[in-house]
Amino acid sequence: MAISKEEQLRNNRRLSRQIVGAVALLLILIGLFTVLGWVVGVVRSALDDTDRRKEYEDRLYGMVLFDTLPFDDVNSVDPTIFREAAIWGTVYQIQKNGGSLDDYERDEETGSVILPKLEVDTYIASLLGPDYPITDGSFETSQFNYLYDEERQGYLVPVTGAVGLYTPEVEKIRTQSGRTYVTVGYIPTLNNPSSGELTMTAATEPTKYMDYVFERGANRKWYLCGLQDSEMQTAAAAATPAPTADSQDPQTLVENNLDSSMTDAVSGISSGSAD
């Protein structure tokens, strides 16, 4: 039976609608998958704070290096502590960014690197804020004597492979009551004293943790305001039970028993002499 022209037109229109519907459905599915992928990417970026941790590790490198003692106010801390941290933090940044201390001027008499004051001050300002008062001049710490060259506007830094105790590893970052707490793991350094250039390579596991406290300052950036002991413990410390009156380590028991035996022996000798 022959198909009429009108019925053929209806079939063509039906087929066109089906094709358009299929294309529309395909575009909707593509859009949904695109949006879903974007949402997953945003959530993943929000949860992944790797870059933020690395940023804090760079900022705190000099502080962790010499195991700075806890404090509640940066203005109560000896300024030389921050200057020394800034000097070696700057050295670390130079090496991290692919530079070398050989690119800097050396003092003819001592062979020390002349580290520009501007770079040291920039490090301090990025850590403590632009309002922190920075003083110039030579200073001394328990590690080194740092001479300041007024004419060349720089600090004479000894080139040595035996610098510092720890390197930082940021474990977690949390914000509470308007402050940001950065928990830092202290990893013992492995220095290479045989090389002529300063080297700072780290072991793998932290041996202690500290919390660095930051507050918002100028330009709404976070600046260091305190340093405190962390509640986070190393695996070894958490697994070690606290000593009790009934629980003593073997060395202490041996010493106590030895002292007791010697006391009894002396008492016996004294009693024999008296008889």
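Small disclaimer: the values here were computed from a predicted structure and weren't measured.

S.K.: It is not clear to me how the packing of helix H2 (residues 50–65) against helix H3 (residues 79–96) should be interpreted in this structure. Could you clarify?
M.R.: If you want to describe how two helices pack, look at the angle between their axes and the distance between the axes. At a minimum axis distance of 8 Å, the contact between H2 and H3 shows a crossing angle of 125°. The angle between H2 and H3 places the two elements in the oblique class. As H2 runs across H3, the sense of the crossing is right-handed. Facing Asp-58, Tyr-61, Gly-62, Met-63 and Leu-65 of H2, the residues of H3 in contact are Phe-82, Ala-85, Trp-88, Gly-89, Tyr-92, Gln-93 and Lys-96. Here the residues of the contact of H2 with H3 sort into 7 nonpolar, 3 polar and 2 charged.

S.K.: Explain the confidence of the model for the chain to me, please; I cannot follow it from the model alone.
M.R.: Residues shown with low pLDDT carry predicted positions that ought not to be read at fine detail. Looking at the chain, pLDDT values average 78 and 73% of them are 70 or higher. Here residues 191–202 scores under 50 on pLDDT; set against residues more than four positions off or in separate chains, the count is 34 contacts. Taken as a whole, residues 242–275 scores under 50 in pLDDT and shows 2 contacts with residues more than four places along the chain or in a different chain.

S.K.: What exactly am I supposed to notice about the pattern of salt bridges here?
M.R.: As a working rule, side chains carrying opposite charge can pair if their charged atoms are close by. Using the criterion set out here, one finds 11 salt bridges in the structure. The residue Arg-152 makes a salt bridge to Glu-105 at a minimum N-O spacing of 3.2 Å. Taken together, the positions of Arg-152 in the loop between strand E3 (145–149) and strand E4 (154–157) and Glu-105 in the loop between H3 and strand E1 (113–116) put the pair 47 residues apart, joining distant regions of the chain. Between Lys-117 and Asp-136 there is a salt bridge, with its nearest N and O atoms 3.8 Å apart.

S.K.: Before we go on, may I ask you to explain unusual backbone geometry in this structure?
M.R.: Leaving glycine aside, a negative phi is the common case for residues, and trans is the common case for peptide bonds. Despite not being glycine, Gln-153 has its phi angle at roughly 50°, a positive value. Overall, the relative accessible area of 37% leaves Gln-153 in the partly exposed class. Here Arg-220, not a glycine, exhibits a phi torsion of approximately 60°, which is positive. Position of Arg-220 relative to the elements: it lies in the loop between strand E8 (208–216) and strand E9 (222–229).

S.K.: Could you clarify how one ought to interpret the packing of aromatic side chains in this entry?
M.R.: Any pair of aromatic rings gets described here by the distance separating the centres and the angle formed by the planes. Counted according to the given criterion, the structure contains 10 aromatic pairs. Relative to Tyr-92, the ring of Tyr-61 has its centre 3.8 Å away and its plane inclined at 5°; by these criteria the two rings are stacked. Residue Tyr-61 is found in helix H2, and its partner Tyr-92 is found in helix H3; the two are separated by 31 residues along the sequence. In this structure Tyr-61 comes out as buried when scored by relative accessible area, which is 3%.

The rules behind each value
- Residues numbered from 1 in each chain as written.
- Predicted model: local features only at pLDDT ≥ 70, side-chain atom pairs only at ≥ 80, totals over all residues.
- Heavy atoms only, no water.
- Axes fitted to C-alpha atoms, helices over the stretch in contact; angles between N-to-C directions.
- Helix = DSSP H or I, 4+ residues; strand = E, 2+ residues; numbered from the N terminus.
- Parallel < 35°, antiparallel > 145°, perpendicular 65-115°, else oblique.
- Left-handed = near helix turned anticlockwise from the far one by under 90°.
- Contact = heavy atoms within 4.5 Å.
- Nonpolar A, V, L, I, M, F, W, Y, C, P; charged D, E, K, R; others polar.
- pLDDT = per-residue confidence, 0-100.
- Salt bridge = Lys/Arg side-chain N within 4 Å of Asp/Glu carboxyl O.
- Buried < 20%, exposed > 50% of the residue type's maximum accessible area, 1.4 Å probe, protein only.
- Phe/Tyr/Trp six-rings, centres within 6.5 Å; stacked < 30°, edge-to-face > 60°.

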